[in-house]
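These are the residues of each chain, in order.
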Amino acid sequence: MNIIISINFSYLFFNFFLLLNYINCLNILQIVPGFTNSHVLFNYRLAEELTKLGHSVVLWTQMEMNMVFTGDFKLPDGVNEIRESIQFKDKLKVEGLKVFQEMIFQSGTPYELWWTGREFKEMRLEACEQMLGEGRAKLLSSVKYQKFDLAIGHFHDFCPVAMARSVGVSRIIWITHGPSLYDFTSLSLGLQTFPSFVPHPLSFNSDRMNFLQRLINVIWHYSGIEFVNLPNVLLHEENSLYKKFFPKSKNLWSVGQQVSVLLLNGERFLDFPRPLPTFILNLGSLASKQQKLNKLILDPEIEYIYSKKESKGVVIFSMGTVSNTTNMPLRMTKSFLNAFGRIPEYDFLWKTEQTEIEGIGGLRMYIYVDGLIKKN
């Protein structure tokens, strides 16, 4: 059964882009959440692939929390972008990156999770209101604006659906920047959710839970902690916000049910503890460029690490642009080092913001800090 499902995903993924290839130049509006580098970079790759197929792509990007370092990558050739800088009134929200990075390595009490969720919910609402107001006006007045045939938007909440409809786009595709599938999206796409045995997206449980784990999972699903169920608690307020701008429009639930395709940023071989229908397509290998190793040009320091004959290989370890490892507790750093030390026949390249990491005996590790590689 699993093999048949995998084949269907591959078949539909192929036909989806084959269909786009044969349609004569769609005008596509791609709604981009400028939360982190990974969000923007993934959308850039998708826009690049669509442009190669002959389509016209305009990125409508909301920049917020100072989490995106735009100098790290450039806009793909042939792609236009309209950015709206979100202005938060609260200083805490303006410094969202710093606050988030300080919290990311902490366990967090239930109160802290509730408080963080409240802050994030308000940020989402403020950002959505600005995108429907000033952001929409900027897009409509831009020389890059055109009549769009299709909108592709993230599904963290319903705001991208509202944004697409606000500029007259009725055909919408949802896209994720990770493999998770939120409950509100499942319901909008006609999928049933079963919290008694389907683990919450933020849970570490599998679908093999005991009775107590199932009970906790149900409470987790229906809890009022915004950080845990942020999309669900946002929907009512986003719908009210949308109706304030467009009082004669349908509610966002009705609009969301018209979304017919969801693109997951995951591999089709990942195991999901819920049935996934064939209109959910995987983009995990999007824009993966197959290059022969002898054609790659590496920095001398990296080339030296890869050319060591006594090593069985190189393990590259990075926690992304959001996780500032200067906030990582010492015990967590040591736990990673101890894990790496169990396979001493490999070299490790750790991209980190920590300038000094005290290694352990027998561990061949290099740290990548501020563009420089140091042997540890």
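Just so you know, the residues in each chain are numbered from 1, in the order the chain's sequence is written. Reporting of local features is limited, given that this is a predicted model, to residues whose pLDDT is at least 70; pairs of side-chain atoms are given and counted only at 80 or more, and all residues count toward the totals for whole chains, interfaces and linings. Heavy atoms throughout the structure, all of them, feed into the side-chain values; hydrogens and water do not.

In the annotation of an unreviewed UniProt entry, the chain is listed under the name glucuronosyltransferase and assigned to Meloidogyne enterolobii. UniProt positions are given in the numbering used here, feature names are shortened, and annotations may be inferred rather than shown by experiment. Entered under Sequence similarities (unreviewed entry) in the UniProt record, the comment concerning the chain runs "Belongs to the UDP-glycosyltransferase family."

### Regarding the overall build of the chain
Secondary structure assignment for the chain yields 12 helices and 11 strands. Out of the 376 residues in the chain, the part that is buried amounts to 44%. Of the roughly 20400 Å² that the chain leaves accessible, carbon and sulfur atoms contribute 56%. Numbering of helices and strands runs from the N terminus, with a helix taken as a DSSP run of H or I at least four residues long and a strand as a DSSP run of E at least two residues long. Partly exposed residues are those whose accessible area sits between 20% and 50% of the maximum for their type, while under 20% is buried and over 50% is exposed, using a 1.4 Å probe and protein chains only. Areas reported as accessible are Shrake-Rupley estimates using a 1.4 Å probe. Residue values count occlusion only from the protein chains shown.

### Description of helix H2 (residues 37-52)
Since one α-helical turn is 3.6 residues long, residues separated by three or four positions face the same way. What a helix should span is 1.5 Å times the count of its residues minus one. End to end, H2 covers 22 Å across 16 residues, agreeing with the expected 22 Å (1.5 Å per residue, within 8%). Positive backbone phi, at 100°, marks Gly54, one or two positions downstream of H2.

### Section: the sheet that holds strand E3 (residues 80-85)
Whether two strands pair comes down to DSSP finding at least two bridges between them. In space, the 7 strands of this open sheet follow the order E3-E2-E1-E4-E5-E6-E7, with parallel pairing throughout. The open sheet has two edge strands with one neighbour each: E3 and strand E7 (280-282). Pairwise comparison of adjacent strand axes, ignoring direction, gives a mean angle of 20° for this sheet. Strand direction decides the pairing type here: strand E1 (residues 27-34) and strand E4 (residues 150-154), joined by 4 bridges, are parallel. Across the sheet, residue Leu29 finds its bridge partner in E4, namely Ala151. We call two residues contacting when some pair of their heavy atoms lies within 4.5 Å. Structural elements are reduced to axes, namely lines fitted to C-alpha atoms, with helices fitted over the stretch in contact, and the angle between N-to-C directions of any two is expressed from 0 to 180 degrees. H2 contacts E1, strand E2 (56-63), E3, E4 and strand E5 (172-175) of the sheet and is inclined by roughly 165° relative to E1. Across the face of the sheet, helix H6 (residues 159-166) comes into contact with E1, E2, E4 and E5 while running at roughly 155° to E5.

### Section: the pattern of salt bridges
The working definition used for a salt bridge is a side-chain nitrogen of Lys or Arg within 4 Å of a carboxyl oxygen of Asp or Glu. A complete count under the given rule lists 7 salt bridges for this structure. Between Glu49 and Lys52 there is a salt bridge; the shortest N-O distance is 3.7 Å. Taken together, the residues Glu49 and Lys52, both in helix H2 and 3 residues apart, mark about one turn of the helix. The partner of Glu84 in a salt bridge is Lys138, with the nearest N and O atoms 3.2 Å apart. In this pair, Glu84 is assigned in strand E3 and Lys138 in helix H5 (residues 110-141), connecting sequence segments 54 residues apart. Glu84 sits in the buried class, given a relative accessible area of 8%. By relative accessible area, which is 36% here, Lys138 ends up partly exposed.

### Some remarks on the confidence of the model for the chain
Values of pLDDT, ranging from 0 to 100, describe the predictor's confidence in every residue of the model. For the chain, the average pLDDT comes to 75, and 65% of its residues sit at 70 or higher. Long-range and interchain partners of residues 1-14, a stretch whose pLDDT sits below 50, account for 15 contacts in this model, where long-range means more than four residues apart.

### Section: the nonpolar core
To form a nonpolar core, buried Ala, Val, Leu, Ile, Met, Phe, Trp, Tyr and Cys residues must be joined to one another through side-chain atoms within 4.5 Å. Among the nonpolar cores identified, the biggest contains 37 residues, and Leu29, Trp60, Leu132, Met163 and Trp174 are the most heavily contacted of them. Top element by residues in this core is H5. It accounts for 6 residues. Of all hydrophobic cores here, the second largest spans 20 residues; its members include Val32, Leu46, Val79 and Ile152.

### Regarding the state of the cysteines
The criterion for a disulfide is a pair of cysteine sulfur atoms lying within 2.5 Å. Applying the stated criterion to the full structure yields 1 disulfide. Between the sulfur of Cys128 and that of Cys159 lies a disulfide, 2.2 Å long from S to S. Between Cys128 and Cys159, the disulfide has an S-S torsion of 100° and is therefore right-handed. Within this pair, whereas Cys128 is found in helix H5, its partner Cys159 is found in helix H6, the two being separated by 31 residues in sequence. The same class applies to Cys128 and to Cys159, which are both buried.

### Remarks on the pairing of E4
Of all 5 residues in E4, 5 are buried, a share of seventy percent or more. Burial of E4 is two-sided: the residues Leu150, Ile152 and His154 facing one way and the residues Ala151 and Gly153 facing the other way are all buried. Looking at chain direction, E4 and E5 are connected through 4 bridges and run parallel. From the neighbouring strand, Ile152 faces E5, where its bridge partner is Ile173. A right-handed crossover is one whose linking path, passing over the helix from the first strand to the second, runs clockwise when the strands point away from the viewer. Between the parallel pair E4 and E5, the chain is carried across by H6, and the sense of this crossover is right-handed.

### Some details on the packing of aromatic side chains
Pairing of aromatic rings covers Phe, Tyr and Trp, the last counted by its six-membered ring, and requires centre-to-centre distances within 6.5 Å; plane angles under 30 degrees mean stacked, over 60 mean edge-to-face, and any other angle means tilted. One pass over the full model with this rule turns up 10 aromatic pairs. Arranged with centres 5.4 Å apart and planes meeting at 70°, the rings of Phe317 and Phe340 form a pair that is edge-to-face. Here Phe317 is found in strand E8 (residues 314-318), whereas its partner Phe340 is found in helix H12 (residues 330-341), with 23 residues between them in sequence. For Phe317, a relative accessible area of 18% puts it in the buried group. With 6.0 Å between their ring centres and 65° between their planes, Phe336 and Trp350 make a pair best called edge-to-face. Here the residue Phe336 occupies a position in helix H12, and Trp350 occupies one in strand E9 (residues 347-351), the gap between them amounting to 14 residues.

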